[in-house]
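Here's the letter readout for the chains.
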Amino acid sequence: MLKLPDYPWEALAPYRELAAKHEGSVVDLSIGTPVDPTPAHIREALAAAADAHGYPTTHGTLALRQSIVEWFDRRRGVTGLSTDDVMPTVGSKELVAWLPLLLGLGEGDVVVRPRVAYPTYDIGAQLAGATAVAAEELSELDPETRSRVKLVWLNSPGNPTGAVLSTEQLRARVDAARELGAVVASDECYAELGWGEWEAGVPSVLAPEVSGGDLSNLLSVYSLSKQSNLAGYRAAFIAGAPNLMGELVNSRKHAGMIVPTPVQAAMIAALGDHEHVAAQKDLYRARREALLPALRAAGFTITHSEAGLYLWCSRGEGTWDSIAWLAERGIVAGPGVFYGTEGEGHVRVALTASDERIAEAVKRLAA
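A short tour of the structure in this document, coming up. (Residues numbered from 1 in each chain as written. Predicted model: local features only at pLDDT ≥ 70, side-chain atom pairs only at ≥ 80, totals over all residues. Heavy atoms only, no water.)

**Re the overall build of the protein chain**
Turning to step 1, where the next piece is worked out: When helices and strands are tallied, the protein chain shows 14 helices and twelve strands.
Turning to step 2, where the next piece is worked out: Relative to the 2.2 N^0.38 estimate, which gives 21 Å for 367 residues, the radius of gyration of the protein chain is 20 Å and therefore close to what a compact globule would have.
Turning to step 3, where the next piece is worked out: C-alpha atoms of the protein chain, sized along the principal axes, occupy 55 × 55 × 45 Å.
Turning to step 4, where the next piece is worked out: Counting every position in the protein chain, which comprises 367 residues, the buried fraction comes to 55%. (Helix = DSSP H or I, 4+ residues; strand = E, 2+ residues; numbered from the N terminus. Rg over C-alpha atoms; globule rule 2.2 N^0.38 Å. Buried < 20%, exposed > 50% of the residue type's maximum accessible area, 1.4 Å probe, protein only.)

**What about the nonpolar core?**
As a rule of thumb, soluble globular proteins bury nonpolar side chains together.
Turning to step 1, where the next piece is worked out: Phe 72, Leu 81, Val 152, Leu 206, Leu 224 and Phe 237 are the most contacted members of the largest nonpolar core, which totals 49 residues.
Turning to step 2, where the next piece is worked out: For this core, the element with the most residues is helix α11 (residues 261–271), which contributes six residues.
Turning to step 3, where the next piece is worked out: Discounting residues that sit within four places of it in the chain, Leu 224 has contacts with Asn 229, Leu 230, Ala 235, Phe 237, Met 267, Ala 270 and Leu 271.
Turning to step 4, where the next piece is worked out: Judged by nonpolar contacts, the second largest core, of 40 residues, contains Cys 189, Tyr 190, Ile 358 and Ala 361. (Core = buried A, V, L, I, M, F, W, Y, C linked by side-chain atoms within 4.5 Å. Contact = heavy atoms within 4.5 Å.)

**Overview of unusual backbone geometry**
Turning to step 1, where the next piece is worked out: Of the consecutive residues Ser 156 and Pro 157, the connecting peptide bond is found in the cis state with omega at -5 degrees.
Turning to step 2, where the next piece is worked out: Note that Pro 157 resides in the loop between β5 (149–155) and α7 (167–180).
Turning to step 3, where the next piece is worked out: Here the residue pair Asn 159 and Pro 160 is connected by a cis peptide bond, since its omega of 20 degrees sits within 30 degrees of zero.
Turning to step 4, where the next piece is worked out: Looking at the element boundaries, Pro 160 is found in the loop between β5 and α7.
Turning to step 5, where the next piece is worked out: For Ser 305, which is not glycine, the phi torsion reads 60 degrees and is therefore positive.
Turning to step 6, where the next piece is worked out: Within the secondary structure, Ser 305 is located in the loop between β9 (301–303) and β10 (310–314).

**A word on the sheet that holds strand β7 (residues 218–223)**
Sheet strands associate in pairs through backbone hydrogen bonding, adopting either a parallel or an antiparallel arrangement.
Turning to step 1, where the next piece is worked out: Spatially, β2-β8-β7-β6-β5-β3-β4 is the arrangement adopted by the seven strands of the open sheet, whose pairing is mixed. Looking at the sheet topology across the chains shown, the edges are occupied by β2 (86–90) and β4 (131–134). Put simply, the sheet's adjacent strands are angled 25 degrees from each other on average, direction ignored.
Turning to step 2, where the next piece is worked out: Where strand β6 (residues 183–187) lies against β7, four bridges are found, and the strand directions are parallel. Along β7, the bridge assignment pairs Val 184 with Leu 218. (Pairing = 2+ DSSP bridges. Axes fitted to C-alpha atoms, helices over the stretch in contact; angles between N-to-C directions.)

**So, the pairing of β6**
Turning to step 1, where the next piece is worked out: The buried fraction of β6 is high, at five of five residues.
Turning to step 2, where the next piece is worked out: Assessed by its sense of winding, the connection that carries the chain from β5 through α7 to β6 is right-handed. (Right-handed = clockwise from strand over helix to strand, strands pointing away.)

**Topic: the pairing of β2**
Turning to step 1, where the next piece is worked out: Buried residues dominate β2, accounting for four of its five residues.
Turning to step 2, where the next piece is worked out: Sheet analysis places β2 next to strand β8 (residues 235–240), joined by five bridges and oriented antiparallel. When the bridges of β8 are listed, Met 87 appears paired with Ile 238.

**A look at the packing of aromatic side chains**
Turning to step 1, where the next piece is worked out: The final tally for this structure, using the stated rule, is 13 aromatic pairs.
Turning to step 2, where the next piece is worked out: For the pair Tyr 222 and Phe 237, a centre-to-centre distance of 5.6 Å together with 40 degrees between the ring planes defines the contact as tilted. Linking Tyr 222 in strand β7 with Phe 237 in strand β8, this pair joins segments that are 15 residues apart in sequence.
Turning to step 3, where the next piece is worked out: On the accessibility criterion, Tyr 222 (0% relative accessible area) is buried.
Turning to step 4, where the next piece is worked out: When its relative accessible area of 0% is taken as the criterion, Phe 237 is described as buried.
Turning to step 5, where the next piece is worked out: Through successive ring pairs, a cluster of aromatic residues spans Trp 9, Tyr 15, Trp 320 and Phe 338.
Turning to step 6, where the next piece is worked out: Here the guanidinium or amino end of Lys 281 rests over the ring plane of Trp 195, the centre of that ring lying 5.3 Å away.
Turning to step 7, where the next piece is worked out: Between Arg 315 and the ring centre of Phe 300, over which it is positioned, the NZ or CZ distance is 5.6 Å. (Phe/Tyr/Trp six-rings, centres within 6.5 Å; stacked < 30°, edge-to-face > 60°. Lys NZ or Arg CZ within 6 Å of the ring centre and 35° of its normal.)

**Here's the deal with the sheet that holds strand β12 (residues 347–350)**
Turning to step 1, where the next piece is worked out: The strand order across the open sheet formed by five strands is β1-β11-β12-β10-β9, and the pairing between neighbours is mixed. Each having just a single partner strand, β1 (27–29) and β9 make up the two edges of the open sheet. On average, each strand axis in the sheet is inclined to that of its neighbour by 40 degrees, with strand direction left out of account.
Turning to step 2, where the next piece is worked out: The strands touched by helix α13 (residues 319–327) within the sheet are β11 (331–335) and β12, with β11 carrying the most contacts at an inclination of about 165 degrees.

**Here's the deal with the packing of helix α12 (residues 275–297) against helix α14 (residues 355–366)**
Turning to step 1, where the next piece is worked out: Where α12 contacts α14, the two axes come as close as 9 Å, and the packing angle between them is 10 degrees. With respect to their mutual orientation, α12 and α14 come out roughly parallel. Residues Arg 287, Ala 290, Leu 291, Ala 294 and Leu 295 of α12 touch α14, and the partners they reach there are Asp 355, Ile 358, Ala 361, Val 362 and Leu 365.
Turning to step 2, where the next piece is worked out: For the contact of α12 with α14, a count of residues per class yields eight nonpolar, no polar and two charged. (Parallel < 35°, antiparallel > 145°, perpendicular 65-115°, else oblique. Nonpolar A, V, L, I, M, F, W, Y, C, P; charged D, E, K, R; others polar.)

**Some details on the environment of Ala 134**
Turning to step 1, where the next piece is worked out: Here Ala 134 is to be found in strand β4.
Turning to step 2, where the next piece is worked out: Separated by 18 residues in sequence, Ala 134 and Val 116 place their C-alpha atoms 8.0 Å apart.

**Points about the pattern of salt bridges**
Turning to step 1, where the next piece is worked out: Applying the stated criterion across every chain, the model contains 19 salt bridges.
Turning to step 2, where the next piece is worked out: In this structure, Glu 342 engages Arg 115 in a salt bridge whose closest nitrogen and oxygen atoms are separated by 3.4 Å. Placement of the pair is Glu 342 in the loop between β11 and β12 and Arg 115 in the loop between β3 (110–113) and α5 (120–128), with a sequence separation of 227 residues.
Turning to step 3, where the next piece is worked out: By relative accessible area, which is 44% here, Glu 342 ends up partly exposed.
Turning to step 4, where the next piece is worked out: As a salt-bridge pair, Lys 281 and Glu 199 come within 3.0 Å of each other at their nearest N and O atoms. On the criterion of sequence distance, the pair formed by Lys 281 in helix α12 and Glu 199 in the loop between β6 and α8 (208–211) is long-range, its members being 82 residues apart.
Turning to step 5, where the next piece is worked out: When its relative accessible area of 33% is taken as the criterion, Glu 199 is described as partly exposed.
Turning to step 6, where the next piece is worked out: A cluster of three or more residues bridged by salt bridges with shared partners is formed by Glu 199, Lys 281, Asp 282 and Arg 285. (Salt bridge = Lys/Arg side-chain N within 4 Å of Asp/Glu carboxyl O.)

On their own, these measurements won't tell you what the molecule is for.
And the structure:
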């Protein structure tokens, strides 16, 4: 029987119970699930496509794939992408979990992921029977381990840290992976949520400045959950790697990994309109600008957090001490240790709560 680690969020249960005792109920800033409405034009597109009596295509409709290509060109500066080289996925998490298996990885192969990272990168390696190794640079690995690297995960903007890799940093990581013949998969689902110097967007692994115009072995993974409040739709896509995409599509056909037809129609509506994305970003901006000074005044140091939906925080104590301190004030945050041993001492505070709940958190932090 397949034996995976216990789902980590269950460990928060006693702290949720403690927080629930606070007058005014819990302010949940732990899991980054959108709370704002799905835009009306996207819901209308979903409903209009509800007469979906035939099977959808795994590769996605040509109209959807064209929308993805145009979005990459318009929003990410990616040129030369073919409609053959994009595919919708059932959310981005399932793609992260199954990509090592779909690439044919197995025992003895190494999957590299960031030191502080989304846990599903490790789970994906485990599902395939491969070994996950934490490293920021391939040069950190010993020669024997480096020789077995088959897949390198990048995550920019990063979850949970909000760190962004510059064009130069992305290019260096791509070049190092190419020396080994490894695939590079870049999880870029927070790309529309850059702050400060990244306000206009963050670099993509598929951009010519990174790829050198060659998309072989380079994959970009993106989700519409955050930018368009579509978490419940499971609407995401993967793009790039013309040398791999055909087999990825074929394998997913066999496995029945198909995005429903109405969701594909909704994705077209979401990708074709940036106004709702900018409006949603402004909501998160206001929540961020309220929480940042409140956390600092309460003794937290904020590191990275230059993009995405989270603030990466530390009070100079153990993770669970900070989680308990917040729970005593009726606030639930994400434990940094869920993201690797180097997350110890940190908590992840999400911006995904209503304006009223964010205001309540600010009030409690001040008290």
